[in-house]
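One letter stands for each residue in the lines below.
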Amino acid sequence: GNMVALMREAAQKVYATEKFENRGEFGELFLHAAIRQVFNSTPAISKIYYKSARNNTVKGFDAVHVVEGNNDLELWLGEAKFYNKISPAIGDVVKELKDHMERDYLRDEFVLIAGKIDSKWEHAEALNTLLSPNTSLDQVFRRICIPVLLTYDSRCISNHTECSDAYCEEFRNEILHHYKTFSKKELPINVTIHLFLLPLEDKAKLIDELDSKLKGWQNL
């Protein structure tokens, strides 16, 4: 019954600025949707709760989810780069992966995450135990997954208007090329990384449409 009011409030909290082209919230939303849909993950916290003021950008991981598997709780710490070029997206996310897997960074992030977990949530106790400073990071690393979502303006997408055999072949080749480029980078070896590539026809047009929808919700 209060869906519209909650959507309006959420839209107002995200931002109220004309500088939306340089914001990362859209990439975070795509990442959230991807891991929810593909891996049936459950959000542990929402980054919106880190915001202390409107228009603030929030540092740290772009998603904090959990996935149940093999009688264990996996901690999914996501990274998203909502870019129009794939090369800088790969370069920047690889650097962040290295920085964010540092032990001191992880411990600091775990303190922030633990403080935002709803005590009534079914996974609260298990996740708090995993994030505890008394839990060895060696154990934590075995249960961390890093979903990475990268967007870019795709030549393949812009060159085709139908899902033909030629399109499928070009699309497959483009995706595999970028996957190989990413996988050849110096990536953290003690965690599982899941790569999502999201090719776009035109990031600028998509941003305009998303911004229009968001501002529509703000005014409902």
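Every value quoted in this text rests on a predicted model; they were computed, and no experiment measured them.

Student: How do you make sense of the packing of helix α3 (residues 86-100) against helix α8 (residues 165-183) when you look at a structure like this?
Tutor: The angle between the axes and the distance between the axes are what describe a pair of packed helices. α8 packs onto α3 with a crossing angle of 30° between their chain directions and a minimal axis gap of 10 Å. The chirality of how α3 crosses α8 is right-handed. Contact with α3, carried on its side by Ile86, Ile90, Val93, Val94 and Leu97, involves His178, Thr181 and Phe182 of α8 and no other residues of that element. Classifying every residue of the contact of α3 with α8 gives six nonpolar, two polar and no charged.

Student: What is the right way to read helix α5 (residues 124-131) from this model?
Tutor: One turn of an α-helix holds 3.6 residues; hence residues three or four places apart share an orientation. Of the positions making up α5, those classed as buried are Ala124, Leu127, Leu130 and Leu131. For α5, the angular spread of buried residues about the axis comes to 130°, placing them on one side.

Student: In this structure, what is going on with the pattern of salt bridges? I would like to understand it.
Tutor: Pairs can form between side chains of opposite charge whenever their charged atoms are close. Across all of its chains, the model carries six salt bridges by this definition. Ionic pairing is found between Glu96 and Lys81, a salt bridge with its closest N-O pair at 2.8 Å. Within this pair, whereas Glu96 is found in helix α3, its partner Lys81 is found in strand β3 (residues 72-82), the two being separated by 15 residues in sequence. Residue Asp211 is joined to Lys215 by a salt bridge in which the shortest nitrogen-to-oxygen separation is 3.2 Å. Within this pair, Asp211 and its partner Lys215 are both found in helix α9 (residues 203-218), separated by four residues, close to a single helical turn. Judged by its relative accessible area of 7%, Asp211 falls in the buried class.

Student: Sorry if this is basic, but what is going on with the nonpolar core here?
Tutor: It is characteristic of soluble globular proteins that their nonpolar side chains tend to be buried jointly. Core analysis: the largest hydrophobic core is formed by 37 residues, its most contacted members being Leu75, Leu77, Phe110, Leu127, Ile144 and Leu150. Elements with a minimum of two residues in this core: β2 (63-69), β3, α3, α4 (103-114), α5, α6 (137-141), β4 (144-153) and α8. Here the element with the most residues in this core is α3; it accounts for six residues. In contact with Leu150, not counting residues within four places along its chain, are Lys81, Ile86, Ala89, Ile90, Val93, Phe182, Leu195, Phe196, Leu197 and Leu198.

Student: Would you explain α9 in this entry?
Tutor: End to end, α9 covers 22 Å across 16 residues, agreeing with the expected 22 Å (1.5 Å per residue, within 8%). Among all positions in α9, only Lys203, Ile207, Asp211, Leu214 and Gln218 are buried. Along the axis of α9, the buried positions cluster into a sector of 70°, meaning they face one direction only. Facing away from the buried side of α9, by more than 90 degrees, are the exposed residues Lys205, Glu209 and Lys213.

Student: How should I be thinking about a nonpolar patch on the surface in this particular structure?
Tutor: Taken together, the side chains of Met3, Val4, Met7 and Leu220 define a hydrophobic patch exposed on the protein surface, amounting to about 380 Å² of accessible area. Following the sequence through the fold, Met7 ends up in helix α1 (residues 3-14). Met7 gets classed as partly exposed once you look at its relative accessible area, which sits at 37%.

Student: Quick question: what am I supposed to make of the environment of Thr181 here?
Tutor: Structurally, Thr181 is set in helix α8. Exposure remark for Thr181: the relative accessible area of 31% places this residue in the partly exposed category. Sequence separation of Thr181 and Ser87 is 94 residues, and the distance between their C-alpha atoms is 8.9 Å.

Student: Sorry, what's going on with the sheet that holds β4 here?
Tutor: The strands that make up a sheet pair up through hydrogen bonds in the backbone, lying either parallel or antiparallel. Taken together, five strands build an open sheet; the order of strands is β1-β2-β3-β4-β5 and the sheet is mixed. Across the chains shown, the open sheet's two edge strands, defined by having one partner strand only, are β1 (42-43) and β5 (192-200). Against the sheet, α3 makes contact with β3, β4 and β5, and its axis sits at roughly 160° relative to β4, the strand it touches most. Against the sheet, α5 engages β2 and β3, with an angle of about 75° to β3.

Student: Honestly, the pairing of β3 in this entry has me stumped. Any pointers?
Tutor: Consecutive side chains of a regular strand alternate in pointing toward one face of the sheet and then the other. Counting buried positions along β3 gives nine out of 11 residues, so the element sits mostly inside the fold. For β2 and β3, the ladder comprises seven bridges, and the chain directions are antiparallel. Counted as the bridge partner of Glu68 is Leu73 from β3. The pairing of β3 with β4 spans six bridges and is parallel.

Basis of the calculations
Residues numbered from 1 in each chain as written. Predicted model: local features only at pLDDT ≥ 70, side-chain atom pairs only at ≥ 80, totals over all residues. Heavy atoms only, no water. Axes fitted to C-alpha atoms, helices over the stretch in contact; angles between N-to-C directions. Helix = DSSP H or I, 4+ residues; strand = E, 2+ residues; numbered from the N terminus. Left-handed = near helix turned anticlockwise from the far one by under 90°. Contact = heavy atoms within 4.5 Å. Nonpolar A, V, L, I, M, F, W, Y, C, P; charged D, E, K, R; others polar. Buried < 20%, exposed > 50% of the residue type's maximum accessible area, 1.4 Å probe, protein only. Arc of directions from axis to C-beta. Salt bridge = Lys/Arg side-chain N within 4 Å of Asp/Glu carboxyl O. Core = buried A, V, L, I, M, F, W, Y, C linked by side-chain atoms within 4.5 Å. Expected span 1.5 Å × (residues − 1). Patch = residues over 30% accessible without salt bridge, like charges linked within 9 Å, V, L, I, M, F, W, Y side chains within 5 Å. Areas by Shrake-Rupley, 256 points an atom, 1.4 Å probe, with all protein chains shown as cover. Pairing = 2+ DSSP bridges.

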